[in-house]
Amino acid sequence: DVKVTQSSRYLVKRTGEKVFLECVQDMDHENMFWYRQDPGLGLRLIYFSYDVKMKEKGDIPEGYSVSREKKERFSLILESASTNQTSMYLCASSSPSGGYTFGSGTRLTVV
Amino acid sequence: AQRVTQPEKLLSVFKGAPVELKCNYSYSGSPELFWYVQYSRQRLQLLLRHISRESIKGFTADLNKGETSFHLKKPFAQEEDSAMYYCAPNFYGNNRLAFGKGNQVVVIP
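For clarity, every value in this text was computed on a predicted model and none was experimentally measured.

**Q** I'm lost on a nonpolar patch on the surface in this one. Help?
**A** Residues and elements named next belong to chain B. Together, Leu-10, Phe-14, Val-106 and Ile-108 line one region of the surface with nonpolar side chains, adding up to about 360 Å² of accessible area. Elements with a minimum of two residues in the nonpolar patch: strand S2 (10–14) and strand S10 (103–108). The residue Ile-108 is located in strand S10 in this model.

In structure tokens, the structure reads:
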């Protein structure tokens, strides 16, 4: 019954590494989003996409990039991981007017 | 600027007591509004949206355009309501939501 799948539940990476977080949805949704979730800060939007090969910056895009080569897959890339990017990362998808379906999250620790 | 505020980080209530989670927003228009919930060790999920006017798990939310608020209410809290709740207006169109910082609700048996 899983509809939005994030490839890793936990990741530990070293400072300076390039990190890829993968998200796949099977609902044929046009919209996909990447958020980070931090205690006391709620969810903050990093990047989003309304179509294949399309991307838009969210509120905190610095240090991140994304890729959407296929409709079902939206990847978040940390070009050079830093300790302040230690967080829970949530992927979500939606139809143009529907509610969000979230993945289970990836808890990334950068050491 | 658009802003969503959930003033109380932590709300503790006794089982059977009413619970109200406040959500205020700053916006010149009429955004679509959502509440999302995250139970322990579960995914974030949609609780309700104001256009559907549904009551989900006993929760309701009333949009007050004059006060620009969308408070979530339940008359009798249950232990299974312990969770993190997020208010999320759609300020930008295209279904891009802005999430508040969340309310942690603890229901005391």
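**Q** Please clarify how empty space enclosed by the protein should be interpreted in this entry.
**A** Using a probe with the size of a water molecule, rolled over the atoms, empty space left in the structure can be pinpointed. Residue and element names in this part refer to chain B. What the rule picks out here adds up to 1 cavity of 30 Å³ or more. Volume-wise, the largest cavity comes out at about 30 Å³. Surrounding the largest cavity, Val-13, Val-19, Leu-21, Phe-59, Ala-77, Asp-81, Tyr-85, Val-105 and Val-107 form its lining. Elements with a minimum of two residues in the lining of the largest cavity: strand S3 (19–21) and S10. Looking at the lining of the largest cavity, its residues break down into 8 nonpolar, no polar and 1 charged.

**Q** I keep staring at the interface of chain A and chain B and nothing clicks. Help me out?
**A** The partner chain B presents 16 residues to the 27 residues of chain A that form the contact. Buried area between chain A and chain B, both sides added, is near 1,700 Å², and the carbon and sulfur share of it is 47%. Three residues, Leu-43, Tyr-100 and Phe-102 of chain A, lead the burial of chain A against chain B; their summed loss comes to 29% of the area buried on that side. Viewed at the interface, chain B and chain A are joined by 1 salt bridge.

**Q** Got a minute to help me understand the state of the cysteines in this structure?
**A** Every disulfide links exactly two cysteines, by a covalent bond between their sulfur atoms. Residues and elements named next belong to chain A. Considering all chains together, one arrives at 2 disulfides over all chains under this definition. The side chain of Cys-23 participates in a disulfide bridge whose partner is Cys-91; the two sulfur atoms lie 1.9 Å from each other. Judged by the sign of its S-S torsion, about -75 degrees, the cystine formed by Cys-23 and Cys-91 is left-handed. With Cys-23 in strand S4 (residues 23–25) and Cys-91 in strand S10 (residues 87–94), this pair connects stretches of sequence that are 68 residues apart. By relative accessible area, Cys-23 is classed as buried at 0%.

**Q** How do you make sense of the sheet that holds strand S6 (residues 45–49) of chain B when you look at a structure like this?
**A** What holds strands together in a sheet is hydrogen bonding between their backbones, with the strands either parallel or antiparallel. Residue and element names in this part refer to chain B. Taken in spatial order, the 5 strands of this open sheet run S2-S10-S9-S5-S6, and their pairing is mixed. One side of each edge strand has no neighbouring strand; the edge strands of this open sheet are S2 and S6. Sheet twist, expressed as the average angle between the axes of neighbouring strands with direction ignored, equals 30 degrees. Taken together, the 5 bridges between S2 and S10 define a ladder with parallel strand orientation. Pairing of Ser-12 across the sheet is with Val-106, part of S10.

**Q** What's the story with the packing of aromatic side chains in this structure? I'm lost.
**A** In this description, a pair of aromatic rings is defined by centroid distance and the angle of the planes. All names here are of chain A. Scanning the entire structure with this criterion turns up 18 aromatic pairs over all chains. Considering the side-chain rings of Phe-33 and Tyr-100, the 4.4 Å spacing of their centres and the 20 degrees angle between planes classify their relative orientation as stacked. Here Tyr-100 lies in the loop between S10 and strand S11 (101–102) and Phe-33 lies in strand S5 (residues 31–38), a separation of 67 residues in the sequence. In this pair, the class of Phe-33 matches that of Tyr-100, namely buried.

**Q** How do you make sense of the pairing of strand S5 (residues 32–38) of chain B when you look at a structure like this?
**A** Both faces of the sheet carry side chains from a regular strand, because those side chains alternate between them. Residues and elements named next belong to chain B. A large share of S5 lies buried, amounting to 7 of its 7 residues. Judged by which residues are buried, S5 turns out to be covered on both faces: Glu-32, Phe-34, Tyr-36 and Gln-38 on one side and Leu-33, Trp-35 and Val-37 on the other are all buried. Where S5 and strand S9 (residues 83–90) come together, 7 bridges link them in antiparallel fashion. Within S9, the residue paired with Tyr-36 across the bridge is Tyr-86.

Conventions we followed
Residues numbered from 1 in each chain as written. Chains lettered and ligands numbered in written order. Predicted model: local features only at pLDDT ≥ 70, side-chain atom pairs only at ≥ 80, totals over all residues. Heavy atoms only, no water. Patch = residues over 30% accessible without salt bridge, like charges linked within 9 Å, V, L, I, M, F, W, Y side chains within 5 Å. Areas by Shrake-Rupley, 256 points an atom, 1.4 Å probe, with all protein chains shown as cover. Salt bridge = Lys/Arg side-chain N within 4 Å of Asp/Glu carboxyl O. Helix = DSSP H or I, 4+ residues; strand = E, 2+ residues; numbered from the N terminus. 1 Å grid on protein atoms, 1.4 Å probe; cavity = no way out; pocket = protein on both sides within 12 Å on 5 of 7 lines; lining within 4 Å. Points joined across faces, edges and corners; volume = space filled by probe spheres on them. Nonpolar A, V, L, I, M, F, W, Y, C, P; charged D, E, K, R; others polar. Contact = heavy atoms within 4.5 Å. Buried area = accessible area lost by both parts, 1.4 Å probe. Disulfide = S-S within 2.5 Å. Buried < 20%, exposed > 50% of the residue type's maximum accessible area, 1.4 Å probe, protein only. Pairing = 2+ DSSP bridges. Axes fitted to C-alpha atoms, helices over the stretch in contact; angles between N-to-C directions. Phe/Tyr/Trp six-rings, centres within 6.5 Å; stacked < 30°, edge-to-face > 60°.

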